[in-house]
Amino acid sequence: KPYVVMESVYNGRSLARHCESSVHRLPLEDAVRIARSCANALHHAHQRGVVHRDVKPRNVLLDEALEPKLVDFGFSVITNLIRNTLKAGHGGNGFNPYAAPERNGDKRVGIGADIYSLGIVLYELLAGRPPFQTGHSLHNLDDEPGAAKHTPVRRCRSDVPRVLEMITDRCLNRVPSDRYPTALHFAANLEVAADQLQVNASPETKRSVFKRLGKLPLFKELSESDLNELVSNSTLRVFRDGDEIITAGDTARCIYVIVQGEAGVRRDGPQ
């Protein structure tokens, strides 16, 4: 008989607590990283003709390292791989504040519905509140046009870069064709936002990097102004254990300097 095997997330907890209030709000970098991982997971499913249809914070589990796992494909459906759409239907889902407007009525539902739902999750991660003033459901988005207008995320959190506001705005378009064409495009834009966040690191972070660089033998002969210029024109990247910095075949157009921690080199295949 067919069966499903899913990963056991040790000590996993729901993403919901980080979306429901500003008290447990995650740093921007973590919010973007989690949303990007979920977008990549959705793209993986979409490529195989599966629409999740129930993307929401409670269906994203975080492990001890804050790595997200997209779970609960109980409402997912197999799409027409050519058209990437299916007939709408509530499927027993009931009220769902993360559901796309096209879920209402006899309309076509495709991968854009998942992109819309993940856009709301990203908004809540950034703002600590829902994007809609009065709430919304599968019905009132069409009945009450005013309810479909979300509050720009930068009004809720001033340190959100404009690029992230543009990303959330695009995801929350009522018309599916005005959203990202694929979850992979969504993930790629989040990668751009992540790079910008690194460039715009806090002054405290840059001061810490400045002090560490000054102690490295490579930069000991540089003046203070030279070091300042170096830090200002550099991109600070934070890698987790196991992340690949450069892979075989990559052409690097930059120099990597390890400010803190260690990196290793792994060779696969023949020597």
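Residues numbered from 1 in each chain as written. Predicted model: local features only at pLDDT ≥ 70, side-chain atom pairs only at ≥ 80, totals over all residues. Heavy atoms only, no water.

Caption draft 1: Quick peek at the overall build of the chain. Along the backbone of the chain there are eight helices and seven strands. By the burial criterion, 39% of the 271 residues in the chain qualify as buried. Residue pairs at least 24 apart in sequence account for 63% of intrachain contacts in the chain once pairs closer than 6 positions are excluded. For the chain, the computed accessible surface area is about 16,200 Å², with 50% contributed by carbon and sulfur atoms. (Helix = DSSP H or I, 4+ residues; strand = E, 2+ residues; numbered from the N terminus. Buried < 20%, exposed > 50% of the residue type's maximum accessible area, 1.4 Å probe, protein only. Contact = heavy atoms within 4.5 Å. Areas by Shrake-Rupley, 256 points an atom, 1.4 Å probe, with all protein chains shown as cover.)

Caption draft 2: Region of the structure containing the sheet that holds strand E4 (residues 68–70). Pairing is antiparallel in the open sheet, where three strands are placed in the order E1-E3-E4. Only two strands of the sheet have a single partner each, and these edge strands are strand E1 (13–14) and E4. As paired strands, E1 and strand E3 (residues 60–62) are joined by two bridges and run antiparallel to one another. Bridged to Arg13 within E3 is Leu62. Contacting E3 and E4, helix H1 (residues 28–46) crosses the sheet at an angle of about 30° to E4. (Pairing = 2+ DSSP bridges. Axes fitted to C-alpha atoms, helices over the stretch in contact; angles between N-to-C directions.)

Caption draft 3: Highlighting the nonpolar core. One finds Leu15, Ile167 and Phe186 to be the most contacted residues of the largest nonpolar core, which totals 46 residues. Of all the secondary-structure elements, those providing two or more residues to this core are H1, E3, helix H2 (111–127), helix H5 (162–171) and helix H6 (183–199). When residues of this core are assigned to their parent elements, the largest contribution, eleven residues, is made by H2. Other than its neighbours up to four places away in sequence, Leu15 contacts Leu26, Ile34, Pro57, Val60, Leu62, Val121 and Leu125. (Core = buried A, V, L, I, M, F, W, Y, C linked by side-chain atoms within 4.5 Å.)

Caption draft 4: Focus on H1. The terminal C-alpha atoms of H1 lie 27 Å apart, and with 19 residues this matches the ideal 27 Å at 1.5 Å per residue to within 8%. Of all 19 residues in H1, 14 are buried; the element is thus mostly enclosed. (Expected span 1.5 Å × (residues − 1).)

Caption draft 5: Expanded view of the packing of aromatic side chains. For the coordinates displayed, the defined rule picks out one aromatic pair. For the pair Tyr180 and Phe186, a centre-to-centre distance of 5.4 Å together with 10° between the ring planes defines the contact as stacked. For Phe186, a relative accessible area of 0% gives the class buried. (Phe/Tyr/Trp six-rings, centres within 6.5 Å; stacked < 30°, edge-to-face > 60°.)

Caption draft 6: A look at the pattern of salt bridges. Here the structure, examined in full by the defined rule, presents ten salt bridges. Residues Arg33 and Asp30 are paired through a salt bridge, measuring 3.2 Å at the closest nitrogen-oxygen approach. Within this pair, Arg33 and its partner Asp30 are both found in helix H1, separated by three residues, close to a single helical turn. Across the pair, exposure class does not vary: Arg33 and Asp30 are buried alike. A salt bridge links Glu191 to Arg36, with the nearest nitrogen and oxygen atoms 3.2 Å apart. Highlighted residues: Glu191 in helix H6 and Arg36 in helix H1, separated in sequence by 155 residues. (Salt bridge = Lys/Arg side-chain N within 4 Å of Asp/Glu carboxyl O.)

Caption draft 7: Quick look at the packing of H2 against H5. Contact pair H2 / H5: the axes reach a minimum separation of 8 Å and the direction vectors enclose 145°. With respect to the hand of their crossing, H2 and H5 are arranged in left-handed fashion. Here H2 contributes Ile115, Tyr116, Gly119, Leu122, Tyr123 and Leu126 to the contact with H5, which in turn contributes Leu164, Ile167, Thr168 and Cys171. Residue composition of the contact of H2 with H5, by class: eight nonpolar, two polar and no charged. (Left-handed = near helix turned anticlockwise from the far one by under 90°. Nonpolar A, V, L, I, M, F, W, Y, C, P; charged D, E, K, R; others polar.)

Caption draft 8: Region of interest: a nonpolar patch on the surface. On the surface, Val4, Met6 and Phe73 cluster together into a nonpolar patch covering about 310 Å² of accessible area. By the secondary structure assignment, Met6 is in the segment before E1. (Patch = residues over 30% accessible without salt bridge, like charges linked within 9 Å, V, L, I, M, F, W, Y side chains within 5 Å.)

Caption draft 9: Spotlight on the side chain of Arg53. Structurally, Arg53 is set in the loop between strand E2 (50–51) and E3. Comment: no salt bridge for buried Arg53; closest opposite-charge side chain is Asp114, at 7.4 Å. From its side chain, Arg53 meets the backbone oxygen of Phe75 in a polar contact 2.8 Å long. (Lys, Arg positive; Asp, Glu negative; His and termini not counted. Polar contact = N/O pair within 3.5 Å; in protein donor to acceptor, adjacent residues only side chain to side chain.)

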